Amino acid sequence: MAIVTVMVVGAGQMGAGIAQVAAQAGLKVYLRDVEQRFVDKGLAGIAKNLGRDVEKGRKTAAEVEAIQGRITGTLSLAPAAECDLVIEAIVENLAIKLALFRELDGLCPAHTILASNTSSLPITQLASATGRPERFIGMHFMNPVPVMKLVEIIRGIATSDETYAAVNGLAEQMGKTTAVVNDFPGFISNRVLMPMLNEAMFCFYEGIAGVAEIDTVMKLGMNHPMGPLTLADFIGLDTCLSIMNVLYDGFKDPRYRPCPLLVQMVQAGYLGKKTGRGFYTYNPDGSATPMVRH
Ligand code: CAA
């Protein structure tokens with residue numbers, strides 16, 4: 001099945017990144033959010049990334065103009081009726097996602113594939129809100145989307161081979177490498193990544209080492225591009241906590257219990273880079289000061 005027109009629902013960091021790589025792959029893209037300022041912010045982020053590509057000589061101004069011309073910002077879900085694929089990248093809230101997919105199922109023609117970029121909510125459960133569970137799939141992009149090579153593709157219990165083949169082919173057309181996984185808590189990416197970040201938080205919580213020391217061990221010792229506490233701040237501590245809770249609830253296994261300090265920081269509104277404070281405080285001059293516990 002050829003995928004020519006897509007809608008990305010949610011113009012945040014992930015949604016805008018997905019819209020960018022889809023337009024770069026030649027697709028016609030609708031980028032939808034609920035308020036104009038969110039749409040504008042998403043489009044501005046795309047313009048900034050593409051502007052850097054021109055500066056660095058990776059794309060011509062004409063190519064960038066064509067890519068941007070393929071993206072239409074919208075506040076309406078109605079254009080989903082002309083899409084072959086809808087990729088959802090909204091807030092990680094099960095009830096809100098279920099309501100959105102119910103609405104999309106009513107709007108879209110029978111052939112349209114519905115996909116979720118969820119980092120940990122069950123694909124099979126999301127699919128159950130629709131009358132098309134065989135044309136429902138997880139497309140889990142990594143942040144920052146334009147840079148990261150992976151798309152984790154999650155097959156729900158009912159996802160058909162045709163849907164998988166179409167979405168896998170599309171991700172490759174976007175220049176990504178795919179890995180297919182079955183629909184169990186945390187998939188592979190967050191089942192492996194999140195307990196590592198949580199363990200780094202426990203090391204700090206238990207006073208074994210400072211924030212900067214923990215990050216240095218993993219950066220220089222394991223060659224990770226970012227230390228685990230920097231990465232947790234970058235992902236968002238609320239997201240980290242919600243993924244740990246999905247693992248904990250899904251497996252009923254105490255090894256996935258979230259670090260109490262993570263819970264406390266989320267309660268305090270210290271959500272990481274996006275709020276200016278997490279395991280580091282992000283200073284106006286661009287520097288970051290590691291957290292110290294008293
Ligand atoms: N958007 C677009 N491009 C970006 C970007 C962003 N947010 N951040 C960095 N880049 C680009 C830079 O512009 C730069 O491109 P150029 O070639 O034009 O210079 C390139 O990426 C490298 O950036 P920097 O030189 O500034 O810094 P870096 O070498 O440290 O790379 C990084 C930045 C790619 C983010 C790197 O630190 C990294 O790989 N970090 C780990 C990221 C990671 O693990 N992501 C997965 C998170 S988990 C997830 O997404 C899933 C989930 O479910 C939670």
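This structure is a prediction, so every number in the text was calculated from the model and none was measured.

Trainee: Help me get a handle on the overall build of the protein chain, residues and values and all.
Mentor: Secondary structure assignment for the protein chain yields eleven helices and ten strands. The C-alpha atoms of the protein chain give a radius of gyration of 20 Å, which matches the 19 Å a tight globule of 294 residues would have. Overall size of the protein chain, expressed as C-alpha extent along the three principal axes, is 55 × 50 × 35 Å. Looking at the protein chain as a whole, 46% of its 294 residues are labelled buried. Considering only contacts in the protein chain between residues 6 or more positions apart, those separated by 24 or more positions represent 65%. Summed over all atoms, the accessible surface of the protein chain reaches about 13,700 Å², with 57% contributed by carbon and sulfur. The average position of the 26 basic charges and that of the 28 acidic charges among the side chains of the protein chain differ by 3 Å.

Trainee: An account of the pairing of strand 5 (residues 113–116) is needed here, citing residue identities and associated values.
Mentor: The side-chain alternation of strand 5 yields two buried faces, one formed by Ile113 and Ala115 and the other by Leu114 and Ser116. For strand 4 (residues 85–88) and strand 5, the ladder comprises four bridges, and the chain directions are parallel. Residue pairing in the sheet places Glu88 in a bridge with Ser116 of strand 5. Handedness of the β-α-β unit built from strand 4, helix 4 (residues 94–107) and strand 5 comes out right-handed. Where strand 5 meets strand 6 (residues 136–141), three bridges bridge the pair, whose relative direction is parallel. The residue of strand 6 that forms the bridge with Leu114 is Phe136.

Trainee: Can you break down the nonpolar core residue by residue, with the values?
Mentor: Leu27, Val29, Leu85, Met139, Phe141 and Met174 are the most contacted members of the largest nonpolar core, which totals 36 residues. Setting aside residues no more than four positions away along its own chain, Phe141 makes contact with Met14, Ile18, Val21, Asn117, Leu150, Val151 and Met174.

Trainee: Let's hear about the packing of helix 7 (residues 189–205) against helix 8 (residues 211–222): which residues, and what values?
Mentor: The interhelical angle for the contact between helix 7 and helix 8, taken along N-to-C directions, is 140°, at an axis separation of 9 Å. Judged by the inter-axis angle, helix 7 sits oblique to helix 8. In terms of crossing hand, the pair formed by helix 7 and helix 8 is right-handed. Together, Met196, Ala200, Cys203 and Phe204 of helix 7 and Val211, Ile214 and Met218 of helix 8 make up the contact between the two elements. Each residue belonging to the contact of helix 7 with helix 8 can be placed in one class, and the counts come to seven nonpolar, no polar and no charged.

Trainee: Can you lay out the sheet that holds strand 3 (residues 71–74) for me, pointing to particular residues and giving the numbers?
Mentor: Across the sheet, eight strands lie side by side as 3-2-1-4-5-6-7-8; this open sheet has mixed pairing. Across the chains shown, the open sheet's two edge strands, defined by having one partner strand only, are strand 3 and strand 8 (177–182). Neighbouring strand axes in the sheet, compared pairwise and without regard to direction, differ in orientation by 25° on average. Here four bridges tie strand 6 to strand 7 (residues 150–155), and the two strands are oriented antiparallel to one another. Across the sheet, residue Phe141 finds its bridge partner in strand 7, namely Val151.

Trainee: So what's going on with the site of the ligand? Which residues, and what values?
Mentor: Arg52, Arg58, His140, Asn143 and Asn190 are the nearest of the 17 residues found near the ligand. At 3.0 Å, a side-chain N or O of Lys56 approaches an oxygen atom of the ligand. Contact distances for the ligand include 2.8 Å between an oxygen atom and a side-chain N or O atom of Arg58. Mapped onto the shell around the ligand, the elements with two or more residues apiece are helix 2 (36–55), helix 7 and helix 9 (228–235).

Trainee: How would you explain the pattern of salt bridges if you had to name every residue and give the values?
Mentor: Across all of its chains, the model carries eleven salt bridges by this definition. In this structure, the salt-bridge partner of Lys59 is Asp53, at a minimum N-O distance of 2.8 Å. The exposure classification of Lys59 matches that of Asp53, with both residues buried. Between Asp238 and Lys274 there is a salt bridge whose closest N-O contact spans 2.8 Å.

Trainee: Can you break down unusual backbone geometry residue by residue, with the values?
Mentor: Across the junction of Asn143 and Pro144, the peptide omega takes the value -5°, indicating a cis bond. In this structure, Asn223 takes a positive phi of about 60° despite not being glycine. With respect to the helices, strands and loops of the structure, Asn223 is situated in the loop between helix 8 and helix 9. Under the relative-accessibility criterion, Asn223 is labelled exposed at 67%.

Parameters and conventions
Residues numbered from 1 in each chain as written. Predicted model: local features only at pLDDT ≥ 70, side-chain atom pairs only at ≥ 80, totals over all residues. Heavy atoms only, no water. Helix = DSSP H or I, 4+ residues; strand = E, 2+ residues; numbered from the N terminus. Rg over C-alpha atoms; globule rule 2.2 N^0.38 Å. Buried < 20%, exposed > 50% of the residue type's maximum accessible area, 1.4 Å probe, protein only. Contact = heavy atoms within 4.5 Å. Areas by Shrake-Rupley, 256 points an atom, 1.4 Å probe, with all protein chains shown as cover. Lys, Arg positive; Asp, Glu negative; His and termini not counted. Charge placed at Lys NZ, Arg CZ, Asp CG, Glu CD. Pairing = 2+ DSSP bridges. Right-handed = clockwise from strand over helix to strand, strands pointing away. Core = buried A, V, L, I, M, F, W, Y, C linked by side-chain atoms within 4.5 Å. Axes fitted to C-alpha atoms, helices over the stretch in contact; angles between N-to-C directions. Parallel < 35°, antiparallel > 145°, perpendicular 65-115°, else oblique. Left-handed = near helix turned anticlockwise from the far one by under 90°. Nonpolar A, V, L, I, M, F, W, Y, C, P; charged D, E, K, R; others polar. Near = heavy atom within 4 Å. Polar contact = N/O pair within 3.5 Å; in protein donor to acceptor, adjacent residues only side chain to side chain. Salt bridge = Lys/Arg side-chain N within 4 Å of Asp/Glu carboxyl O.

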